Number of protein chains: 2
Amino acid sequence: MTYPAPLAAAAQDETLELRPKFDADGLIAAIAQDADTGEVLMLAWMNAEALEQTLSSGRAVYWSRSRNTLWRKGDTSGHEQHVVEVRVDCDQDAVLLKVRQTGAACHTGRRACFYRIATPSGLKKD
Amino acid sequence: MTYPAPLAAAAQDETLELRPKFDADGLIAAIAQDADTGEVLMLAWMNAEALEQTLSSGRAVYWSRSRNTLWRKGDTSGHEQHVVEVRVDCDQDAVLLKVRQTGAACHTGRRACFYRIATPSGLKKD
């Protein structure tokens, strides 16, 4: 699976072709957001194959940087993400998934990964 | 500005110390979300100094990978981000900023960067 290369500057911002701008590791950032509540659930990573499978299957598929493998979310945990919409940002180096989350998005068992608030003096939990 | 190193696995997930997990370039991903509507506005990057300045100043400060410089959003464009809350994710390699955005978050002049929907056959604009 390969995508055409990114275009220059403003052309990339306006094109209607999917031309993901992968980083040196071949990855783009993927934000998963609850399609109903707007809660940001997690941030993960996709390579070209993960992006293509996400678009074609309607299930969120990521690239696991720790395990170096494709990771169709929920296949092990049961905590699937059903994709309602995929968006790309201006320069196409990030995607936003609006999802319906089964169970917990976070591996800690919490609904979402952003369960701590940061302050200048440290973190506090919800 | 330096932060203590990340802890191992579950300890990192539960610590109340801010221990950002920067990548090989010294950066973490930062999602900016509209504090009122929940709209995801943009994804950008922070180094340690950007994170510290964001926490201490209440203005969103990023690291510009294209210009290789700290970037206090709005200083040039007037499109400031006033930070209502900062959250970190489980392994602390991403932060979520809830912001009040002045004007446009996107350099194209659009309110948010995610103005194109991706489908298997290409992109379409809102």
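Look a little higher up for the structure.
These notes cover the structure that comes with them. (Residues numbered from 1 in each chain as written. Chains lettered and ligands numbered in written order. Predicted model: local features only at pLDDT ≥ 70, side-chain atom pairs only at ≥ 80, totals over all residues. Heavy atoms only, no water.)

What the six strands build is an open sheet, ordered β2(A)-β1(A)-β6(A)-β5(A)-β7(B)-β8(B); its pairing is mixed. The outermost strands of the open sheet, each flanked by one partner alone, are β2 (40–46) of chain A together with β8 (122–125) of chain B. Averaged over all adjacent pairs, the angle separating strand axes in this sheet is 35°, with direction ignored. Sheet topology note: the strand β1 (residues 28–34) of chain A/β2 of chain A ladder contains six bridges and is antiparallel. Opposite A30 of chain A, over in β2 of chain A, you have A44 of chain A as the bridge partner. Across the sheet, helix α2 (residues 48–57) of chain A touches β1, β2, β5 (81–88) and β6 (94–101) of chain A together with β7 (116–119) of chain B, and the angle it forms with β2 of chain A is around 125°. (Pairing = 2+ DSSP bridges. Helix = DSSP H or I, 4+ residues; strand = E, 2+ residues; numbered from the N terminus. Axes fitted to C-alpha atoms, helices over the stretch in contact; angles between N-to-C directions. Contact = heavy atoms within 4.5 Å.)

Moving on, we come to the environment of N47 of chain A. All names here are of chain A. Residue placement: N47 occurs in the loop between β2 and α2. Linking N47 and R110, residues 63 residues apart in sequence, is a C-alpha distance of 26 Å. Other than its neighbours up to four places away in sequence, N47 contacts F22, G26, L27, W63 and L70.

It is worth spelling out the interface of chain B and chain A at this point. Each partner contributes residues to the interface: chain B has 45 residues there, and chain A has 44 residues. The contact between chain B and chain A buries some 3,800 Å² in all, and 58% of this surface belongs to carbon and sulfur atoms. Summed over the shared surface of chain B and chain A, the number is eight salt bridges. For D126 of chain A, the salt bridge is made with R87 of chain B, and the minimal N-O distance between the two is 2.8 Å. Where chain B packs against chain A, one counts 34 residue pairs in polar contact (both at pLDDT 80 or more). Of all the secondary-structure elements, those providing two or more residues to the side of chain B that touches chain A are α1 (9–14), β1 (28–34), β2 (40–46), α2 (48–57), β5 (81–88), β6 (94–101), β7 and β8 of chain B. Taken together, the residues of the side of chain B that touches chain A sort by class into 22 nonpolar, ten polar and 13 charged. Bridge count between β5 of chain A and β7 of chain B: three bridges; the pairing is antiparallel. By the bridge assignment for β7 of chain B, V86 of chain A is matched with A118 of chain B. (Buried area = accessible area lost by both parts, 1.4 Å probe. Salt bridge = Lys/Arg side-chain N within 4 Å of Asp/Glu carboxyl O. Polar contact = N/O pair within 3.5 Å; in protein donor to acceptor, adjacent residues only side chain to side chain. Nonpolar A, V, L, I, M, F, W, Y, C, P; charged D, E, K, R; others polar.)

The operation linking the two copies of the chain is a rotation about an axis combined with a translation along the axis. Rotating chain B by 180° and translating it 0.0 Å along the rotation axis places it on chain A, where the RMSD comes to 0.0 Å. Here the symmetry operator amounts to a two-fold rotation axis. When C-alpha distances to the rotation axis are compared across chain B, the minimum falls at G38 of chain B, with a value of 2.7 Å. (Least-squares fit on C-alpha atoms with pLDDT ≥ 70 in both.)

Next up on the list: the sheet that holds β1 of chain B. As summarised here, the arrangement of the six strands in space is β8(A)-β7(A)-β5(B)-β6(B)-β1(B)-β2(B), forming an open sheet in which the pairing is mixed. The open sheet has two edge strands with one neighbour each: β8 (122–125) of chain A together with β2 of chain B. Neighbour-to-neighbour, the strand axes of this sheet turn through a mean angle of 35°, independent of strand direction. Across seven bridges, β5 of chain B lies against β6 of chain B in antiparallel orientation.

The next point concerns the pairing of β2 of chain B. Two faces belong to every sheet, and in a regular strand the side chains alternate between them. Counted residue by residue, β2 of chain B has seven buried out of seven residues, so it is predominantly covered. Joining the antiparallel neighbours β1 of chain B and β2 of chain B is a turn of five residues, in which G38 of chain B adopts a positive phi near 85°. (Buried < 20%, exposed > 50% of the residue type's maximum accessible area, 1.4 Å probe, protein only.)

As a further point, take the packing of aromatic side chains. Aromatic ring pairs are described here by two measures, namely the spacing of the ring centres and the angle between the planes. One pass over the structure, following the stated rule, counts three aromatic pairs over all chains. Taking NZ or CZ as reference, R110 of chain A lies 3.7 Å from the ring centre of Y115 of chain A, over its face. (Phe/Tyr/Trp six-rings, centres within 6.5 Å; stacked < 30°, edge-to-face > 60°. Lys NZ or Arg CZ within 6 Å of the ring centre and 35° of its normal.)

A separate point is a negative patch on the surface. On the surface, a cluster of negative charge is made up of D23 and D25 of chain A together with D23 and D25 of chain B. Looking at the secondary structure, you find D23 of chain A in the loop between α1 (9–14) and β1. (Patch = residues over 30% accessible without salt bridge, like charges linked within 9 Å, V, L, I, M, F, W, Y side chains within 5 Å. Areas by Shrake-Rupley, 256 points an atom, 1.4 Å probe, with all protein chains shown as cover. Lys, Arg positive; Asp, Glu negative; His and termini not counted. Charge placed at Lys NZ, Arg CZ, Asp CG, Glu CD.)

Right, let's get into the pairing of β8 of chain A. All names here are of chain A. Where strand β7 (residues 116–119) lies against β8, four bridges are found, and the strand directions are antiparallel. Each residue of the ladder has a partner; that of T119, found in β8, is G122. Between β7 and the antiparallel strand that follows it, β8, lie two residues.

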